[in-house]
Amino acid sequence: IKRIEQAVGRLPKKERFLIEKRYMSIESDYITDYNIYSFEFSPPIAHTTYARIRWKAFYRLALNLNIAVTKTIE
C-alpha cells in the first residue's frame, strides 16, 4: 500500500487528484466517474478529457510500479 501511495504522490496534480478522489477515498465505492468529472473538478471537464487523464494516470502508475505491459507488433 505504501508503494502505491508513493507512486500516486508522484503523479501530476490532476492525475493525482482523480486517483485519490475516485479510488483512494473512504467513499470510493459510492463515487462514480460522473461525480468526479462533473462536480469535483473545477471547472467541470468533459467525459473524454476525464477518460484521457485517467488513462494517463493509470499508465504512469503502472510504469512507476514496474507492472506496465508493453506490446510489440510483429
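Every chain is numbered on its own, with residues counted from 1 as its sequence reads. Owing to the predicted nature of the model, reporting of local features is limited to residues with pLDDT of at least 70; listing and counting of side-chain atom pairs is limited to 80 or more, with chain, interface and lining totals taken over all residues. Working from all heavy atoms in the structure, the side-chain values ignore hydrogens and water.

Draft legend 1. Quick peek at the nonpolar core. Residues belong to one nonpolar core when they are buried, are Ala, Val, Leu, Ile, Met, Phe, Trp, Tyr or Cys, and are joined through side-chain atoms within 4.5 Å. The rule is simple: take the accessible area with a 1.4 Å probe, protein chains only, and divide by the maximum for that residue type; under 20% is buried, over 50% is exposed, in between is partly exposed. The biggest cluster of nonpolar side chains holds 14 residues, and the ones touching the most others in it are Leu11, Leu18, Ile19, Phe41, Ile45, Tyr50 and Leu61. For this core, the secondary-structure elements that each account for two or more residues are α1 (2–9), α2 (13–23), α3 (33–40) and α4 (47–64). Here a helix means four or more residues in a row that DSSP labels H or I, a strand means two or more in a row labelled E, and each is numbered from the N terminus. Considering each element in turn, this core owes the most residues, 4 residues, to α4.

Draft legend 2. Representation of the pattern of salt bridges in the model. Just to be clear on terms, a salt bridge is a Lys or Arg side-chain nitrogen sitting within 4 Å of an Asp or Glu carboxyl oxygen. Tallying each qualifying case throughout the model produces 4 salt bridges. Here Lys21 makes a salt bridge to Glu40, at a shortest N to O gap of 3.5 Å. Of this pair, Lys21 sits in helix α2 while Glu40 sits in helix α3; the two residues are 19 residues apart in sequence, bridging distant segments of the chain. Note on Lys21: relative accessible area 32%, which makes it partly exposed. One continuous salt-bridge network, built from bridges that share partners, spans Arg22, Asp33 and Arg54.

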